[in-house]
Amino acid sequence: MLKLSNIKIPVRIAIACLLPLLAFTIIAGKELLERRRVVADMEAIAVVARAAPIIAETVHELQKERGSWVGYIDSREKALLDSMRSQRPLTDKALETWNQRVAEYSKNYAGTKFASNLAIAQKRIAELPKLRSDIDASTTDNQKVMEIMVSAVAGLLNVIETMDEMTENGRIIHQANAMAAMMRGK
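Residues numbered from 1 in each chain as written. Predicted model: local features only at pLDDT ≥ 70, side-chain atom pairs only at ≥ 80, totals over all residues. Heavy atoms only, no water.

Draft legend 1. Layout of the packing of helix α2 (residues 78-108) against helix α4 (residues 128-136). Two elements in contact, α2 and α4, have axes separated by 13 Å at closest approach and are oriented at 175°. Accordingly, the angle class assigned to the pair α2 and α4 is roughly antiparallel. Across the interface between the two elements, Met84, Arg85, Arg88, Thr91, Asp92 and Leu95 of α2 pack against Leu128, Arg132, Ile135 and Asp136 of α4. Looking at side-chain class alone, the contact of α2 with α4 contains four nonpolar, one polar and five charged residues. (Axes fitted to C-alpha atoms, helices over the stretch in contact; angles between N-to-C directions. Helix = DSSP H or I, 4+ residues; strand = E, 2+ residues; numbered from the N terminus. Parallel < 35°, antiparallel > 145°, perpendicular 65-115°, else oblique. Contact = heavy atoms within 4.5 Å. Nonpolar A, V, L, I, M, F, W, Y, C, P; charged D, E, K, R; others polar.)

Below, the structure is given as C-alpha coordinates:
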(Lines give C-alpha, C1' and ligand atoms only; values in the text may rest on other atoms or scores of the structure.)
Protein backbone atom coordinates (compact mmCIF):
# COMPACT_ATOMS: atom_id res chain seq x y z
CA MET A 1 0.00 0.00 0.00
CA LEU A 2 1.18 3.46 -0.88
CA LYS A 3 1.98 5.64 2.10
CA LEU A 4 2.72 9.32 2.02
CA SER A 5 5.95 8.62 3.89
CA ASN A 6 7.10 6.40 1.02
CA ILE A 7 6.75 9.22 -1.56
CA LYS A 8 9.74 11.40 -2.27
CA ILE A 9 9.75 14.89 -0.75
CA PRO A 10 9.59 16.79 -4.07
CA VAL A 11 6.47 14.80 -5.06
CA ARG A 12 4.89 15.47 -1.65
CA ILE A 13 5.56 19.21 -2.09
CA ALA A 14 4.06 19.07 -5.59
CA ILE A 15 0.92 17.35 -4.27
CA ALA A 16 0.63 19.87 -1.44
CA CYS A 17 0.86 22.77 -3.95
CA LEU A 18 -1.39 21.16 -6.54
CA LEU A 19 -4.49 20.97 -4.34
CA PRO A 20 -4.70 24.71 -3.56
CA LEU A 21 -3.80 25.50 -7.17
CA LEU A 22 -6.64 23.30 -8.37
CA ALA A 23 -9.08 24.96 -5.94
CA PHE A 24 -7.90 28.40 -7.07
CA THR A 25 -8.40 27.43 -10.73
CA ILE A 26 -11.96 26.26 -10.06
CA ILE A 27 -12.84 29.44 -8.15
CA ALA A 28 -11.25 31.63 -10.85
CA GLY A 29 -13.17 29.73 -13.54
CA LYS A 30 -16.46 30.31 -11.76
CA GLU A 31 -15.66 34.01 -11.36
CA LEU A 32 -14.74 34.27 -15.03
CA LEU A 33 -18.04 32.67 -16.08
CA GLU A 34 -19.97 35.05 -13.80
CA ARG A 35 -18.20 38.05 -15.27
CA ARG A 36 -18.85 36.79 -18.76
CA ARG A 37 -22.57 36.57 -17.91
CA VAL A 38 -22.50 40.14 -16.59
CA VAL A 39 -20.81 41.36 -19.77
CA ALA A 40 -23.42 39.58 -21.89
CA ASP A 41 -26.19 41.20 -19.81
CA MET A 42 -24.61 44.63 -20.22
CA GLU A 43 -24.26 44.14 -23.97
CA ALA A 44 -27.95 43.28 -24.21
CA ILE A 45 -28.85 46.32 -22.12
CA ALA A 46 -26.60 48.51 -24.27
CA VAL A 47 -28.59 47.45 -27.34
CA VAL A 48 -31.83 48.58 -25.74
CA ALA A 49 -30.17 51.74 -24.43
CA ARG A 50 -28.98 52.61 -27.94
CA ALA A 51 -32.48 51.91 -29.25
CA ALA A 52 -34.14 54.12 -26.62
CA PRO A 53 -33.33 57.51 -28.26
CA ILE A 54 -34.53 56.20 -31.61
CA ILE A 55 -37.72 54.96 -29.99
CA ALA A 56 -38.17 58.27 -28.18
CA GLU A 57 -37.80 60.21 -31.44
CA THR A 58 -40.20 57.88 -33.25
CA VAL A 59 -42.76 58.14 -30.43
CA HIS A 60 -42.43 61.93 -30.44
CA GLU A 61 -43.04 62.18 -34.20
CA LEU A 62 -45.93 59.72 -34.06
CA GLN A 63 -47.56 61.73 -31.29
CA LYS A 64 -47.15 64.98 -33.22
CA GLU A 65 -48.73 63.37 -36.27
CA ARG A 66 -51.53 61.91 -34.14
CA GLY A 67 -52.27 65.39 -32.76
CA SER A 68 -52.55 66.90 -36.22
CA TRP A 69 -54.74 63.99 -37.35
CA VAL A 70 -57.14 64.39 -34.47
CA GLY A 71 -57.34 68.15 -35.00
CA TYR A 72 -57.99 67.70 -38.71
CA ILE A 73 -60.64 65.02 -38.22
CA ASP A 74 -62.48 67.22 -35.72
CA SER A 75 -62.42 70.40 -37.79
CA ARG A 76 -61.59 69.50 -41.41
CA GLU A 77 -59.70 72.81 -41.66
CA LYS A 78 -57.24 73.18 -44.53
CA ALA A 79 -54.55 74.61 -42.22
CA LEU A 80 -54.65 71.45 -40.12
CA LEU A 81 -54.60 69.33 -43.26
CA ASP A 82 -51.41 71.12 -44.35
CA SER A 83 -49.93 70.69 -40.87
CA MET A 84 -50.80 67.01 -40.92
CA ARG A 85 -49.22 66.48 -44.32
CA SER A 86 -46.07 68.43 -43.40
CA GLN A 87 -45.64 66.22 -40.32
CA ARG A 88 -45.72 62.99 -42.30
CA PRO A 89 -42.18 63.29 -43.77
CA LEU A 90 -40.79 63.88 -40.27
CA THR A 91 -42.59 60.81 -38.98
CA ASP A 92 -41.50 58.82 -42.03
CA LYS A 93 -37.87 59.77 -41.41
CA ALA A 94 -38.09 58.63 -37.77
CA LEU A 95 -39.81 55.41 -38.88
CA GLU A 96 -37.13 54.80 -41.52
CA THR A 97 -34.39 55.06 -38.90
CA TRP A 98 -36.41 52.80 -36.62
CA ASN A 99 -36.97 50.21 -39.37
CA GLN A 100 -33.26 50.08 -40.18
CA ARG A 101 -32.43 49.32 -36.56
CA VAL A 102 -35.25 46.83 -36.13
CA ALA A 103 -33.89 44.63 -38.90
CA GLU A 104 -30.47 44.61 -37.22
CA TYR A 105 -31.88 44.00 -33.74
CA SER A 106 -34.30 41.28 -34.83
CA LYS A 107 -31.50 39.36 -36.51
CA ASN A 108 -29.04 39.67 -33.62
CA TYR A 109 -31.53 38.92 -30.82
CA ALA A 110 -33.86 36.39 -32.42
CA GLY A 111 -35.80 34.35 -29.91
CA THR A 112 -35.59 36.88 -27.06
CA LYS A 113 -38.34 38.94 -25.41
CA PHE A 114 -36.65 41.97 -26.96
CA ALA A 115 -37.10 40.53 -30.47
CA SER A 116 -40.68 39.55 -29.65
CA ASN A 117 -41.50 43.11 -28.55
CA LEU A 118 -39.81 44.45 -31.69
CA ALA A 119 -42.05 42.25 -33.84
CA ILE A 120 -45.17 43.44 -32.00
CA ALA A 121 -44.13 47.09 -32.40
CA GLN A 122 -43.47 46.56 -36.11
CA LYS A 123 -46.87 44.95 -36.60
CA ARG A 124 -48.58 47.91 -34.96
CA ILE A 125 -46.57 50.46 -36.93
CA ALA A 126 -47.44 48.61 -40.14
CA GLU A 127 -51.05 49.78 -39.66
CA LEU A 128 -50.11 53.45 -40.13
CA PRO A 129 -50.16 53.65 -43.97
CA LYS A 130 -53.74 52.36 -44.09
CA LEU A 131 -54.72 54.76 -41.32
CA ARG A 132 -53.20 57.64 -43.27
CA SER A 133 -55.19 56.60 -46.34
CA ASP A 134 -58.38 56.43 -44.29
CA ILE A 135 -57.74 59.90 -42.87
CA ASP A 136 -57.06 61.35 -46.32
CA ALA A 137 -60.27 59.76 -47.60
CA SER A 138 -62.19 60.93 -44.50
CA THR A 139 -63.30 57.36 -43.77
CA THR A 140 -62.16 57.13 -40.16
CA ASP A 141 -62.87 58.82 -36.85
CA ASN A 142 -60.82 59.99 -33.89
CA GLN A 143 -61.58 56.81 -31.94
CA LYS A 144 -59.91 54.65 -34.59
CA VAL A 145 -56.97 57.06 -34.89
CA MET A 146 -56.40 57.05 -31.14
CA GLU A 147 -56.75 53.28 -30.92
CA ILE A 148 -54.13 52.61 -33.60
CA MET A 149 -51.73 55.34 -32.50
CA VAL A 150 -51.86 54.42 -28.81
CA SER A 151 -51.25 50.81 -29.79
CA ALA A 152 -48.25 51.75 -31.96
CA VAL A 153 -46.72 53.94 -29.26
CA ALA A 154 -47.33 51.27 -26.60
CA GLY A 155 -45.57 48.72 -28.80
CA LEU A 156 -42.52 50.95 -29.03
CA LEU A 157 -42.47 51.62 -25.30
CA ASN A 158 -42.71 47.90 -24.54
CA VAL A 159 -39.37 47.51 -26.30
CA ILE A 160 -37.79 49.87 -23.76
CA GLU A 161 -39.46 48.02 -20.90
CA THR A 162 -37.71 44.86 -22.11
CA MET A 163 -34.58 46.24 -20.49
CA ASP A 164 -35.82 45.28 -17.04
CA GLU A 165 -35.92 41.64 -18.14
CA MET A 166 -32.32 41.74 -19.38
CA THR A 167 -30.66 42.44 -16.04
CA GLU A 168 -30.97 41.99 -12.32
CA ASN A 169 -29.31 45.36 -11.67
CA GLY A 170 -31.91 47.37 -9.74
CA ARG A 171 -30.53 50.75 -10.82
CA ILE A 172 -30.83 49.86 -14.51
CA ILE A 173 -34.31 48.44 -14.05
CA HIS A 174 -35.39 51.59 -12.20
CA GLN A 175 -33.98 53.86 -14.94
CA ALA A 176 -35.59 51.82 -17.73
CA ASN A 177 -38.96 51.93 -16.01
CA ALA A 178 -38.62 55.67 -15.35
CA MET A 179 -37.77 56.32 -18.99
CA ALA A 180 -40.74 54.29 -20.22
CA ALA A 181 -43.05 56.02 -17.73
CA MET A 182 -41.82 59.44 -18.81
CA MET A 183 -42.43 58.58 -22.45
CA ARG A 184 -45.87 57.18 -21.64
CA GLY A 185 -46.65 60.47 -19.92
CA LYS A 186 -45.97 62.37 -23.09
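Back to the write-up after that little detour.
Draft legend 2. Region of interest: the side chain of Arg132. Position of Arg132 among the secondary structure elements: in helix α4. Overall, Arg132 belongs to the buried group, its relative accessible area being 13%. A polar contact of 2.8 Å, which involves the side chain of Arg132, links it to the side chain of Glu65. Sequence-distant contacts of Arg132, defined by excluding residues within four places in its chain, comprise Glu65, Trp69, Arg88, Thr91 and Asp92. (Buried < 20%, exposed > 50% of the residue type's maximum accessible area, 1.4 Å probe, protein only. Polar contact = N/O pair within 3.5 Å; in protein donor to acceptor, adjacent residues only side chain to side chain.)

Draft legend 3. Expanded view of a nonpolar patch on the surface. Together, Val11, Ile15 and Leu19 give the surface a local cluster of nonpolar side chains, amounting to about 260 Å² of exposed area. Structurally, Leu19 can be placed in helix α1 (residues 9-75). (Patch = residues over 30% accessible without salt bridge, like charges linked within 9 Å, V, L, I, M, F, W, Y side chains within 5 Å. Areas by Shrake-Rupley, 256 points an atom, 1.4 Å probe, with all protein chains shown as cover. Salt bridge = Lys/Arg side-chain N within 4 Å of Asp/Glu carboxyl O.)

Draft legend 4. Spotlight on the packing of α1 against α4. At their nearest, the axes of α1 and α4 sit 11 Å apart, and the two run at 25° to each other. With respect to α4, the axis of α1 lies roughly parallel. In this structure, α1 meets α4 at a crossing whose hand is left-handed. On the side of α1, the interface is formed by Leu62, Glu65, Trp69, Tyr72 and Ile73, while α4 contributes Leu128, Leu131, Arg132 and Ile135. Looking at the contact of α1 with α4 residue by residue, the class counts come to seven nonpolar, no polar and two charged. (Left-handed = near helix turned anticlockwise from the far one by under 90°.)

Draft legend 5. Quick peek at the confidence of the model for the chain. In the predicted model, the chain carries a mean pLDDT of 82, and the fraction of residues at 70 or more is 94%. The secondary-structure element of the chain with the lowest mean pLDDT is helix α6 (residues 170-185), recorded at 72, while α4 shows the highest, at 87. (pLDDT = per-residue confidence, 0-100.)

Draft legend 6. Main features of the pattern of salt bridges. One pass over the structure, following the stated rule, counts nine salt bridges. As a salt-bridge pair, Asp136 and Arg88 come within 2.9 Å of each other at their nearest N and O atoms. Residue Asp136 is found in helix α4, and its partner Arg88 is found in helix α2; the two are separated by 48 residues along the sequence. A salt bridge links Asp92 to Arg132, with the nearest nitrogen and oxygen atoms 2.7 Å apart. Here Asp92 is found in helix α2, whereas its partner Arg132 is found in helix α4, with 40 residues between them in sequence.

Draft legend 7. Here's a closer look at the side chain of Thr140. Looking at where Thr140 falls in the secondary structure, it is placed in the loop between α4 and α5 (142-161). Judged by its relative accessible area of 12%, Thr140 falls in the buried class. The contacts of Thr140, once residues within four sequence positions are left out, are Ile73, Arg76, Leu131, Asp134, Ile135 and Val145.

Draft legend 8. Quick peek at unusual backbone geometry. We note that Ser138 has phi near 55°; this positive angle belongs to a residue other than glycine. Mapped onto the secondary structure, Ser138 falls in the loop between α4 and α5. Judged by relative accessible area, which is 39%, Ser138 ranks as partly exposed.

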